[in-house]
Amino acid sequence: MAHWLAKTEPEECSIDDFANHPNKPVVWEGVRNYQARNFMRQMREGDKVFIYHSSCKLIGIAGIARVSRTAYPDPAQFNQKSPYFDAKSPRDNPRWDAVEMLFVEKFPRLLSLDEVKAIPGLEALPLVKQGNRLSVMPVSDAEWKAILKVAVSR
DNA sequence: GCCAACGTTGGC
DNA sequence: GCCAACGTTGGC
C-alpha cells in the first residue's frame, strides 16, 4: 500500500470537510500539473494520504484520508464556469484527473511545516524543499512512519 | 501583499 | 530544441 501527500487549500477543501462527513467521498479536483497528475494516476484504492493545508494561516499536515476512487477524468476541466476549466483539454483524451477520498483521521493538532521540517529523514521529501510546488507527492514508508510518530505524540 | 521559485508557452 | 516571457504557487 502506497502513501501520499496531497496539498489542499483549506478554504476549498480542509480536513474538516472530510471529518464533518466521514462517509461522503471528497472529490479532489483541480490539479493542473503533469507531474502531480501522474502521481494521482498511480494512487490505488485504500492508499493513505496526508492532507496538507497550504496557502493559509496554519500551514501543515492536518490529518489523513484514504483513496476511495482512483483517477478518472476531472469534470471541472470541461466546466466553463469552474476556475479549473481548461479549454485546451480534448474531450476524447482528457488532460486532468480527479480522485475521491474518504476521511481517516484528524490529528489532535496540526503538524506545522516547521515541525515537519524538524523531523529527521525527510530530506528527500519534495514538501520540505525550497520552492517546492508539487501538489501530489509519494511518501515512503519510512517517511510516513516518521511523520506519523510525531503527529500523534504531541 | 510581496516576491522567489518554478512550470508552461510560444516564437524562433 | 532552445530559452525568454509570462503566469502561478506558496511561504512569509
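Residues numbered from 1 in each chain as written. Chains lettered and ligands numbered in written order. Predicted model: local features only at pLDDT ≥ 70, side-chain atom pairs only at ≥ 80, totals over all residues. Heavy atoms only, no water.

Caption draft 1: Geometry of the protein's contact with DNA strand C. All residues in the neighbourhood of DNA strand C are listed as Lys7, Tyr52, Ser54, Ser55, Ile59, Leu113, Lys117, Asn132 and Arg133. In DNA strand C, atoms within 4 Å of the protein come from the sugar-phosphate backbone in 76% of cases. Within the contact set of DNA strand C, a phosphate oxygen lies 3.3 Å away from a backbone nitrogen or oxygen of Ser55. Arg133 is positioned such that a nitrogen or oxygen atom in its side chain is 2.6 Å from a base oxygen of DNA strand C. Its residues assigned to classes, the surface near DNA strand C comprises three nonpolar, three polar and three charged. (Near = heavy atom within 4 Å. Polar contact = N/O pair within 3.5 Å; in protein donor to acceptor, adjacent residues only side chain to side chain. Nonpolar A, V, L, I, M, F, W, Y, C, P; charged D, E, K, R; others polar.)

Caption draft 2: Summary view of a negative patch on the surface. Judged by side-chain charge, Glu9, Glu11, Glu12 and Glu29 come together as a negatively charged surface patch. Within the fold, Glu11 resides in the loop between β1 (3-8) and α1 (15-19). (Patch = residues over 30% accessible without salt bridge, like charges linked within 9 Å, V, L, I, M, F, W, Y side chains within 5 Å. Areas by Shrake-Rupley, 256 points an atom, 1.4 Å probe, with all protein chains shown as cover. Salt bridge = Lys/Arg side-chain N within 4 Å of Asp/Glu carboxyl O. Lys, Arg positive; Asp, Glu negative; His and termini not counted. Charge placed at Lys NZ, Arg CZ, Asp CG, Glu CD. Helix = DSSP H or I, 4+ residues; strand = E, 2+ residues; numbered from the N terminus.)

Caption draft 3: Representation of the sheet that holds strand β2 (residues 26-28). Ordered by their spatial adjacency, six strands build an open sheet running β2-β5-β4-β3-β1-β6, and the pairing between neighbours is mixed. Across the chains shown, the open sheet's two edge strands, defined by having one partner strand only, are β2 and β6 (136-139). Going from strand to strand, the sheet's axes swing by 40° on average, the running direction of each strand aside. Packed on one face of the sheet, helix α4 (residues 141-152) meets β1, β3 (48-53), β4 (60-73), β5 (97-112) and β6 and runs near 45° to β5. (Pairing = 2+ DSSP bridges. Axes fitted to C-alpha atoms, helices over the stretch in contact; angles between N-to-C directions. Contact = heavy atoms within 4.5 Å.)

Caption draft 4: Quick look at the environment of Ala62. Structurally, Ala62 is set in strand β4. For Ala62, the contacting residues outside a window of four places in its chain are Ile15, Ile51, His53, Lys106, Phe107 and Leu110.

Take it as geometry only, folks, not as evidence of what the structure does.
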